[in-house]
Amino acid sequence: MHEQFKQVGRDLFLQNAVSSHGGNISVRVGDRIHITRRGSMIHNLTENDIIETGLNEDDSGIALASTELKVHRGIYKSTTATAIVHAHPVNAIALSLDQDVIVPLDSEASYVLHKIPVLSAEHTIGSEEVMNIVSDALKNYKIVMLRGHGSFAIGNMLEEAYQWTSELEVAAQIINIVRSAGINVQEYRKDSDKYEQW
Amino acid sequence: MYGWMGKVIRINLNDNKVSTEKLDENLAKEYIGGRGFGSKTLFDEVPVDVDPLGPENKLIFAVGPLTRTKVPTSGRFSVSTKSPLTNTIFDSNAGGFWGPVFKSAGYDMLIIEGRAEKPVQITINENIISINDGSKLWGKGIKETDQLLKESLGKGYQNMMIGPAGENLVKISIISVNAHRAFGRGGVGAVMGSKNVKSISVKGSKQPEIFDQEKFDFMIYETDKWIKANPLTSKAFPAFGTSVLVNLINEAGALPTRNFQQTYFEDADKISGETIANKILVKNDACYNCPLRCSRKTKTNKMEGFGPEYETIGLMGSNLGISDIEAIAEMHYISNDLGIDTISLGGTISCLMEMSEKGLIDYKIDFGDIDKTKELIYQISKREGIGDELAEGSKRFSEKYGAVQYSMQVKGLELPSYDPRGMKGRGLGYATSNRGACHLRGYMIGPEILGVPKMLDRFNPVGKSGFLINQQDFFVVVDSLAVCKFVTFAVGEEFFARLFSTVTGVEKSQQDFLDIGEKVWTMEKLYNLKAGFSKNEDQLPKRFLEEPGTGPAAGQVFEQDIMLSEYYRSRGWDENGIPTNDKLKELGLEGIDYHA
């Protein structure tokens, strides 16, 4: 398990999807959660940086677990996901500041994600409000953005949740390039106007 | 109603009473169709202590809201009953054209009750439903029956029937659909035979209404895109059919060989999909609205027919020590015509072969003996000689000789063609399946062999329970919609939730679907618990726990205790595999008496 955490944490950092100590990742096994330690250096996770605690019940692990444990717990209770990646992807955060939904322009993210809802909360870190809106949205999407804060992605394994995160950030980067360069997009996808309905 | 036709047929053969009922809208919204309808109806209407071959048992055929639509592979349908082989709640799923045409006749479900005095043949032509004398068809093989029905009924009918094995209550018999697709497992053919029903034919011209046609067309476009882009659904299955798996599974050390004594077959190349394509393939064929076209029309020097599928190749080939692809194909044609499940057949004959090898029975047969195997297939279908004992399946057969350790089964259902020592998640799926050892209750071949959706270490016993559970629950929904599981290589639950909503107008999220799947799975579990099944039946044969695999799986055993314990916890069940009260409450199943 440590190897998976270490690999995903490192790759998130290399993709500019988290800062040195940002983001958090977890997996669920039954009624137990394995989650990154609060304040851990995500691109260099050690075995001690992976904290085990309960899905429903608190134990001493909560003193060490990520600040976002509450949100992770909420997602696991509302969905059948067995892995979560929460990241701070730079381009996607920038886009989330003025969009209610991110619709990719590139082919791959269009295929895989279609659209990414952008959610808004007053208290963006570790709050019950975030837990509720993110958990609810992830019942129908594999990744969502929290405005100004970051992404939450779910999967059956860490690699899956990481893939959605990575796809989102690349898609957002492309959109930002297109916007900043003022490129006039020639639509190549049939029914792309329906992606917002996804 | 959109998506559903809104009508159910109920036929009671005790008094030849035919009635139609309105489909319960709540049943439709909560259980979707297909397997969901079947499991719920069986749970409510068939007590756990009925004799599976008695008139109190029921046969419940059901299509789903996506059946007979433009959704690719939407020609599937299901049958649910109490199995005479396993004594568990049971459903089986088939392709072909019968299901879509049944829906075109205007129905979602057909419930058959009681027992006819004499053999009957049922026809459904929209509002005209008749129970006819089937005596002239009784005793005929499946191909001939299908031909005779086509001649007597005329154009437009699709036929479903049993062969001599079903008539003779062989507990590993099938119900054949269109003469070459099948409800294969659990002895469902014997249940139809016990009711004296030889065949059921349908005709119709109606179509289900779509709630949001424009969005549905968009969804179909998106689904087609993925099917065309995915190498499995666009290339591998069309090119080689299911037998594309032979070499892949063998190289993983998971191809059952000589009654699962080995996990690697030295002659796999001779029975592979590539060999079929080179030696006996005539052309591809497909079920209703299926772009995958995995079915194979084939021809040997002496015979012709459809198949063999991967499962037959494994169980009737490597598992019997047979490497002659023409012989395997011919045994497949014969079994199909007599109406026998080739998975259980191979598992039962390989059990006999090993018992013979070890001198535990007077009957002499060696691994690799093609002639005697062919002879046994006929004997089983007629229940003649030792065939009468083998017709009970490998568990009952071997128990009679005090040799149940040589029966490779779970809950009485013989293992499919994947050895759990080479694929640990697959083994967990066998152990926990509600209908016994089944490869389609969670398809761990995806993550453990094919890398779908991602590659998992196939030998690792830890951390797979959550993945398997999601697959098990999702496949309840796939069986209920009802579409082919192969299409899930290309598109997942989010597609199906959106397709469902656009077709029916009933909004469901992908998580709603998984919740429905969990509820049905748990309900099936409760039925089995009440029928007396316990943790003791969630067990693989000791061979897999004690005897290491060979070839690429050398040294591997199945770590059952670790995996089962994690699975139960992940399901929210106690250490004995019983759903907790909290879990039952969460699923809306509280208050159900499940104690045996």
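Provided above is the structure to which this section pertains.
These notes cover the structure that comes with them. This is a predicted model, so every value here is computed, not measured.

Some remarks on the overall build of chain A
And step 1. Counting secondary structure elements, chain A contains 6 helices and 8 strands.
And step 2. Each helix (α) and strand (β) of chain A, taken in turn from the N terminus, gives the series α-β-β-β-α-β-α-β-α-β-α-β-β-α.
And step 3. The buried share of chain A, taken over its 198 residues, is 58%.
And step 4. For chain A, the share of sequence-separated contacts (at least 6 apart) that also reach a separation of at least 24 residues comes to 63%.
And step 5. Approximately 8400 Å² of chain A is accessible, and the part contributed by carbon and sulfur atoms is 47%.

Things to note about the interface of chain B and chain A
And step 1. Tallying the contact residues gives 25 residues for chain B and 28 residues for chain A.
And step 2. Both sides together, the interface formed by chain B and chain A hides about 2700 Å², and carbon and sulfur atoms give 55% of it.
And step 3. Across the contact surface, chain B and chain A share 3 salt bridges.
And step 4. Among the ionic pairs, B:Glu494 bridges to A:Lys142, the shortest N-O distance being 2.6 Å.
And step 5. Taken together, chain B and chain A are joined by 16 residue pairs in polar contact (both at pLDDT 80 or more).
And step 6. When residues of the side of chain B that touches chain A are traced back to their parent elements, those giving at least two are helix H7 (213-229), helix H19 (465-481), helix H20 (493-504), helix H21 (510-530) and helix H23 (560-571) of chain B.
And step 7. Take the side of chain B that touches chain A: its biggest share by element is 9 residues, from H7(B).

Some details on the pairing of strand S2 (residues 32-36) of chain A
All names here are of chain A.
And step 1. The buried count for S2 comes to 4 of 5 residues, which makes it a mostly enclosed element.
And step 2. Where strand S1 (residues 24-29) and S2 come together, 4 bridges link them in antiparallel fashion. Counterpart to valine 29 in the pairing with S2 is arginine 32.
And step 3. Linkage of S1 to S2, two consecutive antiparallel strands, is achieved through a turn of 2 residues, within which glycine 30 is found at a positive phi near 65°.
And step 4. Bridge analysis of S2 against strand S3 (residues 50-54) gives 5 bridges, and the strand direction is antiparallel. Pairing of arginine 32 across the sheet is with glycine 54, part of S3.

Examining the nonpolar core
And step 1. In terms of nonpolar packing, the biggest core is built from 204 residues, with B:Phe61, B:Leu110, B:Ile124, B:Phe183, B:Ile200, B:Ile249 and B:Phe496 touching the most fellow members.
And step 2. Non-local contacts of B:Ile124, meaning those with residues more than four positions away in its chain, are made with B:Ile9, B:Phe102, B:Ala105, B:Tyr107, B:Leu110, B:Ile129, B:Tyr157, B:Ile200, B:Ser201, B:Val202 and B:Lys203.
And step 3. Listed in part, the 31 residues of the second largest apolar core include A:Val18, A:Ile93, A:Leu95 and A:Leu113.

Points about the side chain of B:Ser344
Residue and element names in this part refer to chain B.
And step 1. Position of serine 344 among the secondary structure elements: in helix H13 (residues 342-357).
And step 2. Overall, serine 344 belongs to the buried group, its relative accessible area being 0%.
And step 3. A polar contact is formed between the side chain of serine 344 and the side chain of glutamate 414, at a distance of 2.5 Å.
And step 4. Leave out the neighbours within four places in its chain, and serine 344 touches Leu85, Ile172, Arg185, Leu413 and Glu414.

Remarks on the environment of A:Leu69
Residues and elements named next belong to chain A.
And step 1. Summarising the element assignment, leucine 69 is placed in helix H2 (residues 69-78).
And step 2. When the C-alpha positions of leucine 69 and proline 104 are compared, they lie 29 Å apart, and in sequence the two are 35 residues distant.
And step 3. In this view, leucine 69 contacts Ile33, Ile35, Thr53 and Ile62; residues no more than four positions away in its chain are not counted.

As for the sheet that holds strand S8 (residues 128-133) of chain B
Residues and elements named next belong to chain B.
And step 1. Pairing is mixed in the open sheet, where 6 strands are placed in the order S8-S7-S12-S9-S10-S11. In this open sheet, the two edge strands, each paired with only one partner strand, are S8 and strand S11 (181-183). Across the sheet, the mean angle separating the axes of adjacent strands is 20° when strand polarity is ignored.
And step 2. Sheet analysis places strand S9 (residues 158-161) next to strand S10 (residues 175-177), joined by 2 bridges and oriented antiparallel. Of the residues in S10, the one forming a bridge with methionine 161 is serine 176.
And step 3. Taken strand by strand, helix H4 (residues 142-153) contacts strand S7 (120-125), S9, S10 and strand S12 (197-203), and its axis lies near 140° from that of S9.

Some points on the pairing of strand S6 (residues 116-119) of chain A
Residues and elements named next belong to chain A.
And step 1. Residues Ile116 and Val118 point to one face of S6 and Pro117 and Leu119 to the other, with burial holding for every one of them.
And step 2. Pairing of strand S5 (residues 101-102) with S6 involves 2 bridges; the strand directions are antiparallel. Across the sheet, valine 101 pairs through a bridge with proline 117, a residue of S6.
And step 3. The pairing of S6 with strand S7 (residues 143-146) spans 2 bridges and is parallel. From the neighbouring strand, valine 118 faces S7, where its bridge partner is methionine 145.

Quick notes on the packing of H2(A) against helix H5 (residues 128-137) of chain A
All names here are of chain A.
And step 1. The N-to-C vectors of H2 and H5 enclose an angle of 30°; their axes lie 9 Å apart at closest approach. Compared by their axis directions, H2 and H5 come out roughly parallel. For the pair H2 and H5, the sense of crossing is right-handed. Contact with H2, carried on its side by Lys70, Val71, Gly74, Ile75 and Ser78, involves Glu128, Val130, Met131, Val134 and Ser135 of H5 and no other residues of that element.
And step 2. Tallied by class, the residues present in the contact of H2 with H5 amount to 5 nonpolar, 3 polar and 2 charged.

Criteria and thresholds
Residues numbered from 1 in each chain as written. Chains lettered and ligands numbered in written order. Predicted model: local features only at pLDDT ≥ 70, side-chain atom pairs only at ≥ 80, totals over all residues. Heavy atoms only, no water. Helix = DSSP H or I, 4+ residues; strand = E, 2+ residues; numbered from the N terminus. Buried < 20%, exposed > 50% of the residue type's maximum accessible area, 1.4 Å probe, protein only. Contact = heavy atoms within 4.5 Å. Areas by Shrake-Rupley, 256 points an atom, 1.4 Å probe, with all protein chains shown as cover. Buried area = accessible area lost by both parts, 1.4 Å probe. Salt bridge = Lys/Arg side-chain N within 4 Å of Asp/Glu carboxyl O. Polar contact = N/O pair within 3.5 Å; in protein donor to acceptor, adjacent residues only side chain to side chain. Pairing = 2+ DSSP bridges. Core = buried A, V, L, I, M, F, W, Y, C linked by side-chain atoms within 4.5 Å. Axes fitted to C-alpha atoms, helices over the stretch in contact; angles between N-to-C directions. Parallel < 35°, antiparallel > 145°, perpendicular 65-115°, else oblique. Left-handed = near helix turned anticlockwise from the far one by under 90°. Nonpolar A, V, L, I, M, F, W, Y, C, P; charged D, E, K, R; others polar.

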